[in-house]
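The primary structure of each chain is shown beneath.
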Amino acid sequence: MENRIYIFDTTLRDGEQTPKVSLNINDKLSIAKQLEKLNVDVIEAGFPAASNGDFEAVKAVANEIKSPHIVALARALKSDIQTAWNAIDDAQKPRIHVFIATSDLHMKYKLKMKPQEVLKRAVDMVRYAKSLCPSVEFSPEDATRTRPEFLYKVLEAAIDAGADIVNIPDTVGYSTPSQYGAFIKGIKENVFNIDKAIISVHCHDDLGMAVANSLAAVENGARQVECAMNGLGERAGNAALEEIVMAIKTRADLFNCHTGIVTEELTRTSKLVSHITGMQVQNNKAVVGANAFAHESGIHQHGVLNCRETYEIMTPESVGLKKSSIVLGKHSGRHAFVRHLEELGYKNLDKDKVNEIFEEFKNLADKKKDVSDEDIESLVKNEIFQVPEVFNLKYYQVSTGNTTVSTSTVRLEYEGKSVSEASCGDGPVDATFKAIEKAAGIKVNLNDYFIKSVGYGKDALGEATVKVEKDDKIFSAKGLSTDIVEASAKAFVNAMNKMYYEVSPEKAAAY
Ligand code: KIV
Ligand code: ZN
């Protein structure tokens with residue numbers, strides 16, 4: 001049996017269904033470019049019928065990204081399928097992904113359709129998709145709670161109608177590894193034309209078993225795994241790409257198969273996805289968490305020093321973690337700085353951007369003795385993902401204490417005006433956000449806010465993440481400073497700039 005496992009990344013589709021995550025065209029393009037470097041086989045770019053914005057984003061990814069298959073999701077409806085095709089028809093390797101639910105529960109209560117109607121719709125829509133697109137994937141949603149005999153019939157008919165890939169979603173994360181493995185085996189044994197299609201798996205993590213279930217499926221003949229970076233996805237998320245890939249690589253002795261993933265790009269991809277989505281990765285997360293290669297106890301440290309394999313089953317280098325020998329500080333020159341950026345993987349940055357980043361670096365080096373790679377990566381991302389600054393924070397001042405009401409005064413510049421406003425609030429950050437809203441003349445809902453330190457030490461940079469909501473859309477942005485109120489204020493203003501940019505990019509670019 002072919003022992004190559006295809007990695008189907010759904011960060012841009014199911015991953016975008018993570019609560020409080022919303023990706024615009026630029027976000028999707030930036031992530032897609034990195035996924036191409038990671039060498040995923042398939043990128044599910046979105047669900048074009050869901051909104052105009054998603055249609056445009058999928059189209060942009062389809063036009064720009066060349067080597068992976070670009071997938072557009074569609075319900076089993078002619079209009080969805082046509083829209084999906086319109087979004088990806090210029091892709092080098094387009095694929096339409098058609099889905100319809102097949103469990104009794106979903107057919108009765110959600111679709112309100114009889115099984116025979118669902119079967120016919122699946123066949124008709126796969127055939128229709130195939131008439132447009134050379135590659136078609138079919139998913140019977142909630143497959144793991146579908147009566148097996150009915151599922152076999154639907155899969156057989158979908159393959160006959162032209163499905164090249166049949167995907168078996170554990171939509172609600174209900175399966176266990178032995179059960180899911182047996183389920184895949186049952187499909188292999190009972191769907192008579194299964195050898196004409198690739199079996200794909202798509203597991204959700206509601207019971208924390210998405211990765212284990214996917215791997216059990218691989219052991220039983222699945223050859224495509226759908227997964228998302230950092231395990232993003234609907235509810236508890238999808239199987240984490242980095243865990244699937246490193247399990248297959250590290251335990252090649254067991255799985256006897258391989259992926260085409262450039263594993264050295266995993267850390268960079270994880271950080272980029274975390275930065276853009278504003279979804280933090282927990283420190284103890286497997287493979288890409290900050291502690292994944294940290295040894296705390298003396299016994300472990302001693303063991304690793306003597307022989308790394310005592311406590312390390314994979315190397316930090318294999319997932320792209322590098323220890324830099326250069327420490328940059330206030331005396332570092334532009335030349336050394338640029339060389340270091342290149343070592344960190346930021347090679348073809350625009351000259352103006354490099355100048356801005358160098359300026360920020362110098363400011364930071366004045367406040368901090370040693371500037372770490374983490375600091376520099378934050379500065380770079382902060383600059384790369386900056387949208388045009390319509391609102392510019394010129395000044396802020398807070399007065400706060402545990403026995404006084406916090407007040408904040410801010411000055412914003414925008415549209416040629418300079419506006420100062422003051423506000424009280426529940427703490428200095430709340431007061432500052434309110435003063436910014438007053439000065440900008442815009443009211444938004446604060447959907448999420450958190451702050452974390454970048455690196456270690458009392459003088460560490462604070463990185464604030466702010467998500468604001470306006471008209472049901474979420475805009476996520478970050479702000480950096482060694483002062484946490486300033487970091488928060490910058491993040492808030494950046495989120496408003498992002499909002500402005502998305503509503504009116506031409507107008508924003510004119511500033
Ligand atoms: O979880 C699921 O069932 C899905 C399908 C659309 C494949 O995301
Ligand atoms: Zn899903």
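Residues numbered from 1 in each chain as written. Chains lettered and ligands numbered in written order. Predicted model: local features only at pLDDT ≥ 70, side-chain atom pairs only at ≥ 80, totals over all residues. Heavy atoms only, no water.

An unreviewed UniProt entry lists the protein chain under the name 2-isopropylmalate synthase, from Clostridium aromativorans. Reading the Catalytic activity (unreviewed entry) entry of the UniProt record for the protein chain gives the comment "3-methyl-2-oxobutanoate + acetyl-CoA + H2O = (2S)-2-isopropylmalate + CoA + H(+)". (UniProt positions renumbered as here; feature names shortened; annotations may be inferred.)

Moving on, we get to the site of ligand 1. Taken together, Arg13, Asp14, His97, Phe99, Ser139, Glu141, Asn167, Pro169, Thr171, His202 and His204 form the complete shell of residues around ligand 1. With respect to ligand 1, the side chain of Asp14 contributes an N or O atom lying 3.1 Å from an oxygen atom. Contacts to ligand 1 include Thr171, whose side-chain N or O atom sits 2.6 Å from an oxygen atom. Protein contacts shield 94% of the accessible area of ligand 1, which totals 260 Å² for the unbound molecule. Looking at the shell around ligand 1, the elements with two or more residues in it are strand S4 (94–101), strand S5 (136–141) and strand S6 (165–170). (Near = heavy atom within 4 Å. Polar contact = N/O pair within 3.5 Å; in protein donor to acceptor, adjacent residues only side chain to side chain. Areas by Shrake-Rupley, 256 points an atom, 1.4 Å probe, with all protein chains shown as cover. Helix = DSSP H or I, 4+ residues; strand = E, 2+ residues; numbered from the N terminus.)

Here the focus is the coordination of the zinc ion (ligand 2). Looking at the zinc ion (ligand 2), one finds its protein donor set to be Asp14 (OD), His202 (NE2) and His204 (NE2), positioned 2.0 to 2.2 Å from the metal centre. Read in sequence order, the donor residues coordinating the zinc ion (ligand 2) give the pattern D-x187-H-x1-H. Of the two residues, Asp14 is situated in the loop between strand S1 (6–9) and helix H1 (25–38) and His202 in strand S7 (residues 198–203); the sequence distance between them amounts to 188 residues. Using a relative accessible area of 3% as the deciding quantity, one classes Asp14 as buried. (Donors = N, O, S within 2.8 Å, 3.2 Å for Na, K, Ca; no water. Buried < 20%, exposed > 50% of the residue type's maximum accessible area, 1.4 Å probe, protein only.)

What the three strands build is an open sheet, ordered S9-S10-S11; its pairing is antiparallel. The two strands at the open ends of the sheet, each matched to only one other strand, are strand S9 (392–399) and strand S11 (417–425). Recorded for the sheet is a direction-independent mean angle of 15 degrees between the axes of neighbouring strands. As paired elements, strand S10 (residues 406–414) and S11 share nine bridges and run antiparallel to each other. Counted as the bridge partner of Tyr414 is Lys417 from S11. Together, S9, S10 and S11 form the strand contacts of helix H16 (residues 428–440), whose direction differs from that of S10 by roughly 35 degrees. Across the sheet, helix H17 (residues 484–503) is in contact with S9 and S10; its angle to S9 comes to roughly 140 degrees. (Pairing = 2+ DSSP bridges. Axes fitted to C-alpha atoms, helices over the stretch in contact; angles between N-to-C directions. Contact = heavy atoms within 4.5 Å.)

A full pass over the atoms with the stated rule returns 29 salt bridges. A salt bridge links Asp14 to Arg13, with the shortest nitrogen-to-oxygen separation between them at 3.6 Å. Through salt bridges with shared partners, a single ionic network connects Arg13, Asp14 and Glu44. (Salt bridge = Lys/Arg side-chain N within 4 Å of Asp/Glu carboxyl O.)

So, on to the UniProt feature "binding site: Mn(2+)" (unreviewed entry) in the protein chain. Mapped onto the present numbering, the UniProt feature "binding site: Mn(2+)" (unreviewed entry) falls at Asp14, His202, His204 and Asn238. Spatial clustering of the annotated residues is evident: they stretch over 225 residues in sequence, but the largest pairwise C-alpha distance comes to 10.3 Å. Among the secondary structure elements, His204 is positioned in the loop between S7 and helix H8 (210–219). Leaving out residues up to four positions away in the same chain, His204 has contacts with Asp14, Asp170, Thr171, Gly173, Ala210, Glu234, Arg235, Gly237 and Asn238. Mapping Asn238 onto the fold places it in the loop between strand S8 (224–227) and helix H9 (241–250). In this structure Asn238 touches Thr10, Asp14, His202, Cys203, His204, Ala210, Ala228, Gly231, Leu232 and Gly233, once residues within four positions along its chain are discounted.

What follows deals with the nonpolar core. In a soluble, globular protein the nonpolar side chains are often hidden away together inside. Residues Ile7, Ile70, Ile96, Phe138, Ile168, Ile187 and Leu241 are the most contacted members of the largest nonpolar core, which totals 96 residues. The dominant element in this core, judged by the number of residues it contributes, is helix H6 (residues 148–160), at eight residues. A domain-level breakdown of this core finds at least three residues from each of domain 1 (6–277) and domain 2 (289–321). Ignoring sequence-local partners within four residues, the contact set of Ile7 consists of Val40, Asp41, Val42, Val225, Cys227, Leu241, Ile244, Val245, Thr259 and Ile261. (Core = buried A, V, L, I, M, F, W, Y, C linked by side-chain atoms within 4.5 Å. Domains from an automatic or database assignment.)

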